[in-house]
Amino acid sequence: MEAIAQDQDRKAFAELFRHFAPRVKAFLMKSGADESLAEECMQDVMATLWRKAHMYDPSRASVATWIFTIARNRKIDLLRRYARPEPEDLPWGPEQAPDQADVIALQQDTGRLAQALAKLPEKQRELIQHAYFGDLSHSEIAAATGLPLGTIKSRIRLALERLRHSMS
Amino acid sequence: MTDIQHHAPDDLLMGYATGALPQAFDLVVATHVSLSDDARARVEAFEAVGGAVLEDLDKVDVADDSLEQTLAKIGAPGPAAAPVISDGTFPTPLRNAVGGDEDAVRWRYVGRGVKQCVLHSDEHGTARLLRIPAGRSMPEHSHNGTEMTLVLKGAFRDEDGVFARGDLEVADAQVNHTPIAEPGEDCICLVATDARLKFQGLLPRIAQPFLGI
């Protein structure tokens, strides 16, 4: 990311592209876009990544997380047709940079989060994936799976608590 | 950062992170998160789950010339736009929705000295600014759905305590509450509702069609 932000390094971008483009496209297709819309939208997401590379803060998000937020916003743009309001930016000043120890700590946390997600019981993992693919509210998920709202809500809460616990 | 006493519940923040909230609620959460680092950290934690879900997905094929097409879209690097930090009453997302700060709001009287300005309304919900004169009360009401109230200026008090700048109150159906603006200055709130409110008592009921909540 640093090579893209500082040197407009196209080789570094191609590497990120090879890793993330097929996943971003998969995410968009799981979210309801057809193949050609997902391809076009994925290209927009990856182009945005290039343009906004200087905004990326490695002490607060992994590259995957950051790309997820770009893909989510583009998806809302396209499928729900509105520009989602974003919180005020918290940028690094010109002389400051993220602390390397913070960056490394976040990378470790991200690794543990991925492991915890992989270790979840299948049903809980699917619920979480559904919540992130769909623009389904909890009640719509309940309607889709025939589960009562209270149960599904506490399942998601429990899954997230486990994730949090395994990160601490 | 203000010293925030009342925070957004997790399901709301997760809904914001996944992109599932109605537009009116997105605006309130984005504004609350701008005022609360705690809420921001929680939203970003939920976004990290989204990152893990993305990373875990099986790859699908992309077009053969996908990278070339993307590089063509990138074009020449433009100047990096400096992020806008609001120094007024309204954080940037609210400023964008209003088209300016407090002085740009086109208030309309809705009775009893209360003023409002509807910022967004669709079949899923309505976002509005309310301005309650110092020491005065909002009409007593209960509602069918969820109501989110974020304080931007002044403070109000109800059955759940005092709410000041940055504080967020989330009330669901069955809650019957009477917010009263604290003395001193007018209370400005950003309110999102996802169903029409039911007002109690004759006079406020007459006011309801004007309020539209």
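Numbers given to residues run from 1 along each chain, matching the order in which its sequence is written. Working convention: letters from A go to chains and numbers from 1 go to ligands, in the order in which they are written. The model is predicted, so local features are restricted to residues of pLDDT at least 70 and side-chain atom pairs to those at 80 or more, both for listing and for counting; the totals for chains, interfaces and linings are taken over all residues. With hydrogens and water set aside, each side-chain value is computed from the structure's full complement of heavy atoms.

Time to look at the overall build of chain B. Helix numbers and strand numbers start at the N terminus; a helix is a DSSP run of H or I with at least 4 residues, a strand a run of E with at least 2. For chain B, the helix and strand inventory stands at six helices and eleven strands. For the exposure calls, accessible area comes from a 1.4 Å probe over protein chains only, and a residue counts as buried if that area is under 20% of its type's maximum, exposed if over 50%, partly exposed in between. The buried share of chain B, reckoned over its 213 residues, is 54%. Within chain B, counting contacts between residues at least 6 apart in sequence, those at least 24 apart form 66% of the total. Methods summary: accessible areas were calculated by the Shrake-Rupley approach with a probe of 1.4 Å, and residue burial reflects only the protein chains presented. Accessible surface, chain B: about 9,300 Å² in total, of which carbon and sulfur atoms supply 50%. The contact rule is simple, with two residues in contact once any of their heavy atoms fall within 4.5 Å.

Let's shift gears to the confidence of the model for chain A. All names here are of chain A. Each residue carries a pLDDT score, the predictor's confidence in it, ranging from 0 to 100. Summing up the model confidence of chain A, the mean pLDDT is 77 and the portion of residues at 70 or higher is 74%. Within chain A, the element-level pLDDT minimum falls on helix α8 (residues 149-167), averaging 43, and the maximum on helix α2 (residues 10-30), averaging 95. For residues 141-161, every residue scores under 50 in pLDDT, and the model assigns this stretch 30 contacts once sequence neighbours within four places are set aside.

Below, the discussion takes up the sheet that holds strand β6 (residues 155-158) of chain B. All names here are of chain B. One open sheet holds the three strands; their spatial order is β7-β6-β9, and the pairing between them is antiparallel. With one partner strand each, in any of the chains shown, β7 (161-164) and β9 (180-181) form the two edges of the open sheet. At least two bridges found by DSSP between two strands is the condition for calling them paired. Sheet topology places β6 next to β7; four bridges connect them, and they run antiparallel. Bridged to Ala155 within β7 is Ala164.

To continue, consider the packing of helix α1 (residues 10-18) of chain B against helix α3 (residues 37-55) of chain B. All names here are of chain B. Where α1 contacts α3, the two axes come as close as 9 Å, and the packing angle between them is 55 degrees. Between α1 and α3, the interaxial angle falls into the category oblique. Here the hand of the crossing between α1 and α3 comes out right-handed. Taking contact as the criterion, the partners of Asp10, Leu13, Met14, Tyr16 and Ala17 in α1 are, on α3, Ala39, Arg42, Val43, Phe46 and Glu47. Residue polarity follows a fixed list, in which Ala, Val, Leu, Ile, Met, Phe, Trp, Tyr, Cys and Pro are nonpolar, Asp, Glu, Lys and Arg are charged, and the others, Gly among them, are polar. Its residues assigned to classes, the contact of α1 with α3 comprises seven nonpolar, no polar and three charged. Note on geometry: axes are lines fitted to C-alpha atoms, helical ones only across the stretch in contact, with angles between N-to-C directions running from 0 to 180 degrees. Small angles under 35 degrees read as roughly parallel and large ones over 145 as roughly antiparallel, with 65 to 115 read as roughly perpendicular and the rest as oblique. When the near helix sits turned anticlockwise from the far one by under a right angle, the crossing is termed left-handed; a clockwise turn instead gives a right-handed crossing.

Turning our eyes to something else, we now look at the pairing of strand β2 (residues 114-122) of chain B. Residue and element names in this part refer to chain B. Pairing of strand β1 (residues 108-111) with β2, which is carried by three bridges, proceeds in the antiparallel orientation. Note on β2: the bridge partner recorded for Tyr109 is Lys115. Between β1 and β2, which pair antiparallel one after the other, the connecting turn spans two residues, and Arg112 there sits at a positive phi close to 55 degrees. Two successive antiparallel strands, β2 and strand β3 (residues 125-132), enclose a turn made up of two residues.

Any Lys or Arg side-chain nitrogen located within 4 Å of an Asp or Glu carboxyl oxygen qualifies as a salt bridge. Applying the stated criterion across every chain, the model contains 18 salt bridges over all chains. A salt bridge links Arg74(A) to Asp77(A), with the nearest nitrogen and oxygen atoms 3.3 Å apart. Within this pair, Arg74(A) and its partner Asp77(A) are both found in helix α4 (residues 63-80), separated by three residues, close to a single helical turn. We classify Arg74(A) as partly exposed; its relative accessible area is 23%. With relative accessibility at 33%, the residue Asp77(A) sits in the partly exposed group. Through salt bridges with shared partners, a single ionic network connects Arg72(A), Arg84(A), Glu86(A), Asp26(B) and Glu47(B).

Attention now moves to the confidence of the model for chain B. Per-chain confidence: chain B averages 83 in pLDDT, with 81% of residues scoring 70 or above. With pTM at 0.84, the complex prediction returns an ipTM value of 0.84.

In this assembly, 56 residues from chain B lie in contact with 66 residues from chain A. Contact between chain B and chain A buries roughly 5,300 Å² in total, counting both sides, with carbon and sulfur atoms accounting for 62%. In this description, buried area is defined as the sum, over both parts, of the accessible area (probe of 1.4 Å) that is lost when the two are combined. For chain B, the biggest contributors to the area lost against chain A are Leu54(B), Lys73(B) and Ile74(B); these three give 12% of the whole. On inspection of chain B and its partner chain A, the count reaches four salt bridges. Residues Glu47(B) and Arg72(A) are paired through a salt bridge, measuring 2.9 Å at the closest nitrogen-oxygen approach. Polar contacts here mean pairs of N or O atoms no more than 3.5 Å apart (in protein, one a potential hydrogen donor and the other a potential acceptor; neighbouring residues in sequence count only if both atoms are side-chain atoms). There are 18 residue pairs in polar contact (both at pLDDT 80 or more) connecting chain B and chain A. The set of elements that each furnish at least two residues to the side of chain B that touches chain A consists of α1, α2 (23-35), α3, α4 (66-74) and α5 (92-98) of chain B. If you tally residues by element for the side of chain B that touches chain A, the top one is α3(B), at 14 residues. Grouping the amino acids of the side of chain B that touches chain A by side-chain chemistry returns 30 nonpolar, twelve polar and 14 charged.

Before going further, it helps to spend a moment on the sheet that holds β2(B). Residue and element names in this part refer to chain B. The strand order β1-β2-β3-β10-β5-β8 describes an open sheet built from six strands, whose pairing is antiparallel. In this open sheet, the two strands that pair with only one neighbour each are β1 and β8 (168-171). Averaged over neighbouring strand pairs, the angle between their axes works out to 30 degrees when direction is ignored.

Right, let's get into the state of the cysteines. The criterion for a disulfide is a pair of cysteine sulfur atoms lying within 2.5 Å. All told, the structure shown has zero disulfides over all chains when counted by the stated rule. No disulfide involves Cys187(B); its sulfur sits 3.5 Å from the nearest other cysteine sulfur, which is in Cys189(B).

The subject of this paragraph is the environment of Leu119(B). All names here are of chain B. Note on placement: Leu119 falls in strand β2. In this structure the C-alpha to C-alpha distance between Leu119 and Asp87, which are 32 residues apart in sequence, comes to 21 Å. Apart from the residues within four sequence positions on either side, Leu119 is in contact with Leu27, Leu94, Ala97, Val98, Ala127, Arg128, Leu129 and Leu190.

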